[in-house]
Amino acid sequence: MKIAILGAGAYGRALGKIVSNNGHDLDFYDPKVCPGVTLEQATKNAEAIIICIPSNFLPSFLEDYPSELKTLPTFLASKGLGDVKFFKDFTNFAVLSGPTFAQEIMDGKQSMLTATNQLAVDIFSNQQIEIEVCQDIQGVVLCGSLKNAYAIGAGFNSDSENAVAALLVKAHAEMKDYLLNHGANPDTAELACGIGDLILTCSSETSRNYTCGKKLHSGQNLDDILTELETVEGINALHELDITDDYPILMHIARIAGLKK
(Lines give C-alpha, C1' and ligand atoms only; values in the text may rest on other atoms or scores of the structure.)
Protein backbone atom coordinates (compact mmCIF):
# COMPACT_ATOMS: atom_id res chain seq x y z
CA MET A 1 0.00 0.00 0.00
CA LYS A 2 0.96 3.63 -0.44
CA ILE A 3 0.74 5.28 3.00
CA ALA A 4 1.14 8.91 4.03
CA ILE A 5 2.20 9.81 7.57
CA LEU A 6 1.24 13.31 8.65
CA GLY A 7 3.77 14.35 11.27
CA ALA A 8 7.42 13.28 11.17
CA GLY A 9 8.22 13.58 14.86
CA ALA A 10 9.74 10.70 16.79
CA TYR A 11 6.55 8.66 16.90
CA GLY A 12 5.64 9.35 13.28
CA ARG A 13 9.07 8.17 12.19
CA ALA A 14 8.78 5.09 14.41
CA LEU A 15 5.46 4.14 12.82
CA GLY A 16 7.06 4.84 9.45
CA LYS A 17 9.74 2.28 10.24
CA ILE A 18 7.08 -0.34 10.96
CA VAL A 19 5.16 0.48 7.79
CA SER A 20 8.33 0.42 5.69
CA ASN A 21 9.52 -2.86 7.23
CA ASN A 22 6.17 -4.37 6.28
CA GLY A 23 6.79 -3.51 2.64
CA HIS A 24 4.51 -0.51 2.21
CA ASP A 25 5.43 2.62 0.26
CA LEU A 26 5.70 5.68 2.48
CA ASP A 27 5.67 9.48 2.32
CA PHE A 28 5.85 11.99 5.18
CA TYR A 29 4.20 15.37 5.52
CA ASP A 30 5.74 17.70 8.09
CA PRO A 31 6.48 21.35 7.23
CA LYS A 32 9.16 21.52 9.92
CA VAL A 33 10.98 18.25 9.22
CA CYS A 34 10.23 17.97 5.49
CA PRO A 35 9.77 21.60 4.38
CA GLY A 36 9.90 20.82 0.68
CA VAL A 37 6.97 18.38 0.72
CA THR A 38 3.41 19.69 0.52
CA LEU A 39 0.37 17.86 1.88
CA GLU A 40 -0.80 17.30 -1.69
CA GLN A 41 2.55 15.76 -2.65
CA ALA A 42 2.74 13.54 0.44
CA THR A 43 -0.80 12.20 0.00
CA LYS A 44 -0.74 11.77 -3.79
CA ASN A 45 -1.96 8.24 -4.60
CA ALA A 46 -2.13 7.44 -0.88
CA GLU A 47 -4.28 4.46 0.07
CA ALA A 48 -4.17 5.15 3.80
CA ILE A 49 -3.17 8.01 6.10
CA ILE A 50 -1.65 8.00 9.58
CA ILE A 51 -2.02 11.21 11.59
CA CYS A 52 0.78 11.81 14.10
CA ILE A 53 0.46 15.58 14.49
CA PRO A 54 0.59 16.75 18.14
CA SER A 55 -2.96 17.05 19.45
CA ASN A 56 -2.67 20.75 20.28
CA PHE A 57 -2.11 21.50 16.58
CA LEU A 58 -4.79 19.16 15.22
CA PRO A 59 -7.84 21.49 15.34
CA SER A 60 -6.17 24.20 13.28
CA PHE A 61 -4.60 21.65 10.92
CA LEU A 62 -7.96 20.02 10.20
CA GLU A 63 -9.72 23.31 9.45
CA ASP A 64 -8.47 23.25 5.85
CA TYR A 65 -8.03 19.50 5.51
CA PRO A 66 -8.99 18.43 1.95
CA SER A 67 -12.38 16.73 1.80
CA GLU A 68 -11.11 14.09 -0.63
CA LEU A 69 -8.64 12.84 1.98
CA LYS A 70 -11.43 12.31 4.51
CA THR A 71 -12.67 9.32 2.53
CA LEU A 72 -9.35 7.46 2.80
CA PRO A 73 -8.65 4.94 5.56
CA THR A 74 -7.24 7.19 8.28
CA PHE A 75 -5.54 6.24 11.55
CA LEU A 76 -5.27 8.73 14.37
CA ALA A 77 -2.05 8.05 16.31
CA SER A 78 -2.00 11.40 18.15
CA LYS A 79 -3.01 11.46 21.82
CA GLY A 80 -4.55 14.23 23.88
CA LEU A 81 -8.06 14.77 22.49
CA GLY A 82 -11.24 14.78 24.57
CA ASP A 83 -13.33 13.08 21.88
CA VAL A 84 -13.40 12.44 18.13
CA LYS A 85 -15.48 15.49 17.12
CA PHE A 86 -12.75 16.78 14.80
CA PHE A 87 -13.08 13.61 12.70
CA LYS A 88 -16.87 13.42 12.42
CA ASP A 89 -16.69 14.02 8.64
CA PHE A 90 -14.18 11.22 8.04
CA THR A 91 -15.82 8.18 6.49
CA ASN A 92 -13.11 5.57 7.16
CA PHE A 93 -11.65 6.62 10.50
CA ALA A 94 -9.76 4.50 13.04
CA VAL A 95 -7.50 4.99 16.05
CA LEU A 96 -4.11 3.47 16.83
CA SER A 97 -2.84 3.69 20.40
CA GLY A 98 -0.87 1.78 23.00
CA PRO A 99 2.17 1.52 25.26
CA THR A 100 5.00 2.35 22.89
CA PHE A 101 7.98 4.64 23.19
CA ALA A 102 9.24 5.70 19.78
CA GLN A 103 12.90 4.89 20.45
CA GLU A 104 12.09 1.33 21.50
CA ILE A 105 10.19 0.79 18.27
CA MET A 106 13.17 2.14 16.34
CA ASP A 107 15.40 -0.25 18.31
CA GLY A 108 13.25 -3.23 17.31
CA LYS A 109 11.75 -3.87 20.75
CA GLN A 110 8.55 -5.90 21.01
CA SER A 111 5.46 -3.70 21.26
CA MET A 112 1.66 -4.02 21.42
CA LEU A 113 -0.89 -1.58 20.03
CA THR A 114 -4.66 -1.29 20.13
CA ALA A 115 -6.41 -0.43 16.86
CA THR A 116 -10.05 0.06 16.01
CA ASN A 117 -10.18 -1.76 12.70
CA GLN A 118 -8.79 -4.86 11.07
CA LEU A 119 -6.82 -2.95 8.41
CA ALA A 120 -4.34 -2.01 11.14
CA VAL A 121 -3.31 -5.66 11.38
CA ASP A 122 -2.41 -5.69 7.67
CA ILE A 123 -0.47 -2.42 7.88
CA PHE A 124 1.34 -2.64 11.22
CA SER A 125 1.43 -6.22 12.47
CA ASN A 126 4.69 -8.18 12.23
CA GLN A 127 7.04 -10.16 14.47
CA GLN A 128 7.86 -6.99 16.41
CA ILE A 129 4.41 -5.38 16.60
CA GLU A 130 1.30 -7.09 17.97
CA ILE A 131 -2.05 -5.50 17.16
CA GLU A 132 -5.20 -6.08 19.22
CA VAL A 133 -8.46 -4.94 17.61
CA CYS A 134 -11.16 -3.10 19.53
CA GLN A 135 -14.19 -1.35 18.00
CA ASP A 136 -14.44 1.32 20.73
CA ILE A 137 -13.11 4.41 18.94
CA GLN A 138 -14.17 6.82 21.67
CA GLY A 139 -12.68 4.64 24.40
CA VAL A 140 -9.30 4.24 22.68
CA VAL A 141 -9.07 8.00 22.11
CA LEU A 142 -9.99 8.75 25.73
CA CYS A 143 -7.54 6.20 27.15
CA GLY A 144 -4.73 7.86 25.20
CA SER A 145 -5.63 11.23 26.66
CA LEU A 146 -6.32 10.11 30.21
CA LYS A 147 -3.08 8.16 30.63
CA ASN A 148 -1.06 11.22 29.59
CA ALA A 149 -2.83 13.38 32.15
CA TYR A 150 -2.28 10.77 34.86
CA ALA A 151 1.41 10.55 33.92
CA ILE A 152 1.81 14.20 34.93
CA GLY A 153 0.54 13.23 38.38
CA ALA A 154 2.90 10.26 38.50
CA GLY A 155 5.86 12.47 37.67
CA PHE A 156 4.78 14.94 40.34
CA ASN A 157 4.87 12.09 42.89
CA SER A 158 7.98 10.42 41.49
CA ASP A 159 9.92 10.83 44.74
CA SER A 160 7.70 8.09 46.21
CA GLU A 161 7.19 4.80 44.40
CA ASN A 162 4.45 3.98 46.90
CA ALA A 163 2.56 7.14 45.93
CA VAL A 164 2.91 6.38 42.24
CA ALA A 165 1.59 2.85 42.75
CA ALA A 166 -1.41 4.20 44.66
CA LEU A 167 -2.04 6.75 41.90
CA LEU A 168 -1.98 4.01 39.26
CA VAL A 169 -4.59 1.97 41.11
CA LYS A 170 -6.89 4.98 41.57
CA ALA A 171 -6.26 6.30 38.06
CA HIS A 172 -7.18 2.98 36.44
CA ALA A 173 -10.48 2.89 38.32
CA GLU A 174 -11.17 6.53 37.46
CA MET A 175 -10.31 5.86 33.81
CA LYS A 176 -13.03 3.19 33.68
CA ASP A 177 -15.55 5.55 35.26
CA TYR A 178 -14.64 8.29 32.80
CA LEU A 179 -15.11 5.96 29.82
CA LEU A 180 -18.47 4.76 31.13
CA ASN A 181 -19.69 8.34 31.58
CA HIS A 182 -18.50 9.54 28.17
CA GLY A 183 -20.00 7.10 25.72
CA ALA A 184 -17.23 4.50 25.76
CA ASN A 185 -16.80 0.93 26.96
CA PRO A 186 -15.06 0.81 30.38
CA ASP A 187 -13.53 -2.55 29.44
CA THR A 188 -11.34 -0.71 26.92
CA ALA A 189 -9.32 0.44 29.94
CA GLU A 190 -8.17 -3.19 30.31
CA LEU A 191 -6.45 -3.20 26.91
CA ALA A 192 -2.98 -2.13 25.80
CA CYS A 193 -4.27 1.38 25.08
CA GLY A 194 -5.59 1.56 28.65
CA ILE A 195 -3.82 -0.16 31.53
CA GLY A 196 -0.80 -0.97 29.34
CA ASP A 197 -0.18 2.62 28.31
CA LEU A 198 -1.04 3.87 31.79
CA ILE A 199 1.67 1.72 33.38
CA LEU A 200 4.27 2.62 30.76
CA THR A 201 3.68 6.37 30.73
CA CYS A 202 3.38 6.68 34.51
CA SER A 203 6.62 4.88 35.27
CA SER A 204 9.31 6.25 32.97
CA GLU A 205 11.20 9.50 32.50
CA THR A 206 11.10 8.75 28.78
CA SER A 207 7.55 10.12 28.97
CA ARG A 208 7.45 13.89 28.55
CA ASN A 209 4.24 13.92 30.60
CA TYR A 210 5.98 12.20 33.51
CA THR A 211 8.91 14.61 33.12
CA CYS A 212 6.50 17.55 33.09
CA GLY A 213 5.10 16.39 36.43
CA LYS A 214 8.58 16.14 37.93
CA LYS A 215 9.40 19.64 36.79
CA LEU A 216 6.14 20.98 38.22
CA HIS A 217 7.03 19.35 41.54
CA SER A 218 10.41 21.10 41.49
CA GLY A 219 8.62 24.45 41.19
CA GLN A 220 9.17 25.18 37.52
CA ASN A 221 6.60 27.31 35.71
CA LEU A 222 4.34 25.43 33.30
CA ASP A 223 4.98 27.83 30.43
CA ASP A 224 8.73 27.34 30.81
CA ILE A 225 8.26 23.57 30.92
CA LEU A 226 6.20 23.60 27.72
CA THR A 227 8.85 25.72 26.01
CA GLU A 228 11.55 23.27 27.07
CA LEU A 229 9.70 20.04 26.25
CA GLU A 230 7.85 21.45 23.19
CA THR A 231 5.04 18.87 23.32
CA VAL A 232 3.30 17.64 26.47
CA GLU A 233 0.16 15.87 25.30
CA GLY A 234 -1.10 15.52 28.86
CA ILE A 235 -1.48 19.27 29.18
CA ASN A 236 -3.59 19.38 26.04
CA ALA A 237 -5.59 16.48 27.46
CA LEU A 238 -6.25 18.43 30.66
CA HIS A 239 -7.67 21.24 28.52
CA GLU A 240 -9.77 18.87 26.40
CA LEU A 241 -11.11 16.44 29.02
CA ASP A 242 -14.27 16.98 31.04
CA ILE A 243 -12.65 17.54 34.42
CA THR A 244 -15.08 17.81 37.32
CA ASP A 245 -15.14 16.82 40.98
CA ASP A 246 -16.44 13.42 39.82
CA TYR A 247 -12.84 12.67 38.79
CA PRO A 248 -10.70 13.64 41.81
CA ILE A 249 -7.39 12.39 40.39
CA LEU A 250 -7.80 14.42 37.21
CA MET A 251 -8.94 17.44 39.21
CA HIS A 252 -5.89 17.19 41.46
CA ILE A 253 -3.54 16.98 38.48
CA ALA A 254 -5.23 19.94 36.79
CA ARG A 255 -4.66 21.94 39.96
CA ILE A 256 -1.01 20.85 40.09
CA ALA A 257 -0.63 22.20 36.56
CA GLY A 258 -2.37 25.44 37.50
CA LEU A 259 -5.31 24.79 35.18
CA LYS A 260 -7.92 24.56 37.94
CA LYS A 261 -8.32 26.47 41.19
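You'll find the structure just up there.
Peer 1: Let's hear about helix H6 (residues 137-156): which residues, and what values?
Peer 2: Helix length check: H6, at 20 residues, gives a terminal C-alpha distance of 30 Å against a target of 28 Å (1.5 Å per residue), a fit within 8%. Counting buried positions along H6 yields 18 of 20 residues, so the element is predominantly enclosed.

Peer 1: Account for the sheet that holds strand S6 (residues 111-115), naming residues and giving values.
Peer 2: Ordered by their spatial adjacency, seven strands build an open sheet running S2-S1-S3-S4-S5-S6-S7, and the pairing between neighbours is mixed. Looking at the sheet topology across the chains shown, the edges are occupied by strand S2 (25-29) and strand S7 (129-133). Direction aside, neighbouring strands of the sheet carry axes that sit 25° apart on average. Bridge count for strand S4 (residues 74-76) against strand S5 (residues 93-97) is three bridges, and the pairing is parallel. In the strand pairing of S5, leucine 76 is matched with valine 95. Helix H1 (residues 10-21) rests against strand S1 (2-6), S2, strand S3 (48-51), S5, S6 and S7 of the sheet, and its axis sits at about 170° to S2.

Peer 1: Mind laying out the packing of aromatic side chains, listing which residues take part and the relevant values?
Peer 2: For the structure shown, the criterion picks out eight aromatic pairs. Relative to phenylalanine 124, the ring of phenylalanine 75 has its centre 5.6 Å away and its plane inclined at 90°; by these criteria the two rings are edge-to-face. Taken together, the positions of phenylalanine 75 in strand S4 and phenylalanine 124 in helix H5 (residues 119-124) put the pair 49 residues apart, joining distant regions of the chain. Of the two residues examined, phenylalanine 75 and phenylalanine 124, each falls in the buried class. Taking 4.9 Å as the distance between ring centres and 55° as the angle between the ring planes, the aromatic pair formed by tyrosine 178 and tyrosine 247 counts as tilted. Separated by 69 residues along the polypeptide, tyrosine 178 in helix H7 (residues 161-181) and tyrosine 247 in the loop between helix H11 (233-240) and helix H12 (248-256) bring together distant segments of the chain.

Peer 1: Any details on unusual backbone geometry? Residues and values, ideally.
Peer 2: For asparagine 45, which is not a glycine, the phi torsion comes out positive at approximately 65°. Note that asparagine 45 resides in the loop between helix H2 (39-43) and S3. Assessed through its relative accessible area of 62%, asparagine 45 is described here as exposed. With a phi close to 70°, glutamate 230 is a non-glycine residue in the positive phi region. Within the element layout of this structure, glutamate 230 appears in the loop between helix H10 (222-229) and H11. Residue classification places glutamate 230 among the exposed residues on the basis of a relative accessible area of 57%.

Procedures and definitions
Residues numbered from 1 in each chain as written. Predicted model: local features only at pLDDT ≥ 70, side-chain atom pairs only at ≥ 80, totals over all residues. Heavy atoms only, no water. Helix = DSSP H or I, 4+ residues; strand = E, 2+ residues; numbered from the N terminus. Expected span 1.5 Å × (residues − 1). Buried < 20%, exposed > 50% of the residue type's maximum accessible area, 1.4 Å probe, protein only. Pairing = 2+ DSSP bridges. Axes fitted to C-alpha atoms, helices over the stretch in contact; angles between N-to-C directions. Contact = heavy atoms within 4.5 Å. Phe/Tyr/Trp six-rings, centres within 6.5 Å; stacked < 30°, edge-to-face > 60°.

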